Amino acid sequence: MKRVLSGIQPSGQLTLGNYIGALQNFVKLQHTHECYFMVVDLHAITVPQDPAALREQTESVAALFIAAGIDPAKANIFIQSHVSAHSELGWLLTTLSYMGELERMTQFKDKSAGKDSIGTGLFVYPTLMAADILVYNADLVPVGDDQKQHLELTRDLAQRFNARYGEYFTIPDPYIPEVGARIMSLDDASKKMSKSNPNPGSFIALLDPPDVIRKKISRATTDSGKEVRFNPVEKPEVSNLMSIYALCADMTLQQVEQKFEGQMYGAFKKDLAEQVVAKLEPLQTRYHEIRQSGEIHAILKQGAERVAEVADKTVRDVKERMGFVLPR
Ligand code: AQP
């Protein structure tokens, strides 16, 4: 079985975008791959986080992994900071990286644009991401467009290490999911739906209560036209809502178009809200059960202990190859 690795930052409440773009695929992958799914708290702190919120969000993301259907008996679920090998390999790989290649990262350029002071963590974050992947010698990494460049850097660092110290790291490949939809923001269809967007009306959180979901969808931006027609160029907002409908109701876009032929946006939005509410209801019920039971801590502890065996061995091997004296 090929090894797949992916992570989600606890930088806010998970959104419908995270569910459709990441969690749903994780659930499928666990049946066909050896999976490593983690809550990447060390990445979240590359921008300031409130400690209490970070703690709550980290537990919440982990519980949502399970509520979404990831089975801890099938996939490794853990918190990145519970496995110290990530940070250690991150530093070792940082020393192999060059300023120039990190400066070229478009995500760094975007996130630092117009800021007076830019955190060093944001700058070196791609080398930590490389460590996350290489510490397990993962074969495949599900990546969106914005992460492709970071995976390229990971491959470069792995090849650089192998050339300098002898073949060791697996060179990871991007994994392109069969159904990959990018869900856009409810207030601006040119931006992706993001959990850290300061406007909560821009996203549907997986844990939003039904009335909040109804309100957010009823207020979602639409064009001044009337037809419920899929055309991402001319009607990006309605097309985004149609994608959400199709994914929640398990229909094709054509079926959604036919269903709402001759109907106004208001009727479409009302029905859409009910589809989203129905889709999220079982996940929310399961989530609250998991949080109340407290079982998440034992699952995360077990997950971290299991993966640490692989990760610690990698760090030991890498240090040995680089010339460190290992404790005897
Ligand atoms: N809008 C989206 N549509 C589809 N997939 C999405 N993902 C995120 N937003 C959408 C996928 O969710 C995973 C989470 O990745 P992340 O937490 O590392 O950060 P991100 O991609 O930057 O997600 P957010 O929600 O936008 O977080 P913030 O606001 O903190 O930057 C990834 O697999 C991503 O593709």
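Keep in mind the model is a prediction, meaning the values are calculated, not measured. (Residues numbered from 1 in each chain as written. Predicted model: local features only at pLDDT ≥ 70, side-chain atom pairs only at ≥ 80, totals over all residues. Heavy atoms only, no water.)

Observations concerning helix H12 (residues 265–293)
So, step 1. Given a rise of 1.5 Å per residue, 29 residues ought to cover 42 Å, and the 42 Å separating the end C-alpha atoms of H12 matches this to within 8%.
So, step 2. In H12, a bend of some 35° at Glu281 exceeds every other bend along the element, and Pro282, a proline, comes one to four places later.
So, step 3. Every buried residue of H12 is accounted for by Tyr265, Phe268, Lys269, Leu272, Ala273, Val276, Val277, Leu280, Leu283, Gln284, Tyr287 and Ile290.
So, step 4. Looking at the residues trailing H12, positive phi occurs at Gly294, about 75°. (Helix = DSSP H or I, 4+ residues; strand = E, 2+ residues; numbered from the N terminus. Expected span 1.5 Å × (residues − 1). Bend = angle between axes of the 7 residues up to and from the residue. Buried < 20%, exposed > 50% of the residue type's maximum accessible area, 1.4 Å probe, protein only.)

Notes on the packing of aromatic side chains
So, step 1. Going through the model one piece at a time under the given rule, you end up with 12 aromatic pairs.
So, step 2. Look at Phe161 and Tyr168: their rings are 6.5 Å apart centre to centre, the planes differ by 65°, and that puts the pair in the edge-to-face class. The burial state of Phe161 is the same as that of Tyr168; both residues are buried.
So, step 3. Ring geometry for Tyr168 versus Phe169: centroids 5.3 Å apart, planes at 70°, classification edge-to-face.
So, step 4. One aromatic cluster is present, built from ring pairs that chain together Phe161, Tyr165, Tyr168 and Phe169.
So, step 5. Taking the ring centre of Phe324 as reference, the NZ or CZ of Lys319 above it sits at 5.9 Å. (Phe/Tyr/Trp six-rings, centres within 6.5 Å; stacked < 30°, edge-to-face > 60°. Lys NZ or Arg CZ within 6 Å of the ring centre and 35° of its normal.)

Observations regarding the side chain of Thr15
So, step 1. Position of Thr15 among the secondary structure elements: in the loop between strand S1 (3–8) and helix H1 (16–29).
So, step 2. Using a relative accessible area of 0% as the deciding quantity, one classes Thr15 as buried.
So, step 3. A polar contact of 3.0 Å, which involves the side chain of Thr15, links it to the backbone nitrogen of Gly17.
So, step 4. Setting aside residues up to four positions removed in sequence, Thr15 forms contacts with Met193, Ser194, Lys195, Phe203, Ile204, Ala205 and Leu206. (Polar contact = N/O pair within 3.5 Å; in protein donor to acceptor, adjacent residues only side chain to side chain. Contact = heavy atoms within 4.5 Å.)

Details of the site of the ligand
So, step 1. Taken together, 15 residues sit near the ligand, with Ser11, Ile183, Ser194, Lys195 and Ser196 positioned nearest.
So, step 2. Within the contact set of the ligand, an oxygen atom lies 2.9 Å away from a backbone nitrogen or oxygen of Gln9.
So, step 3. The side chain of Ser194 places a nitrogen or oxygen atom 2.5 Å from an oxygen atom of the ligand.
So, step 4. In the complex, the protein chains occlude 87% of the 640 Å² of accessible area that the ligand would expose alone.
So, step 5. Among the elements that line the shell around the ligand, the one with the most residues is H1, at 4 residues.
So, step 6. Residue composition of the shell around the ligand, by class: 5 nonpolar, 7 polar and 3 charged. (Near = heavy atom within 4 Å. Areas by Shrake-Rupley, 256 points an atom, 1.4 Å probe, with all protein chains shown as cover. Nonpolar A, V, L, I, M, F, W, Y, C, P; charged D, E, K, R; others polar.)

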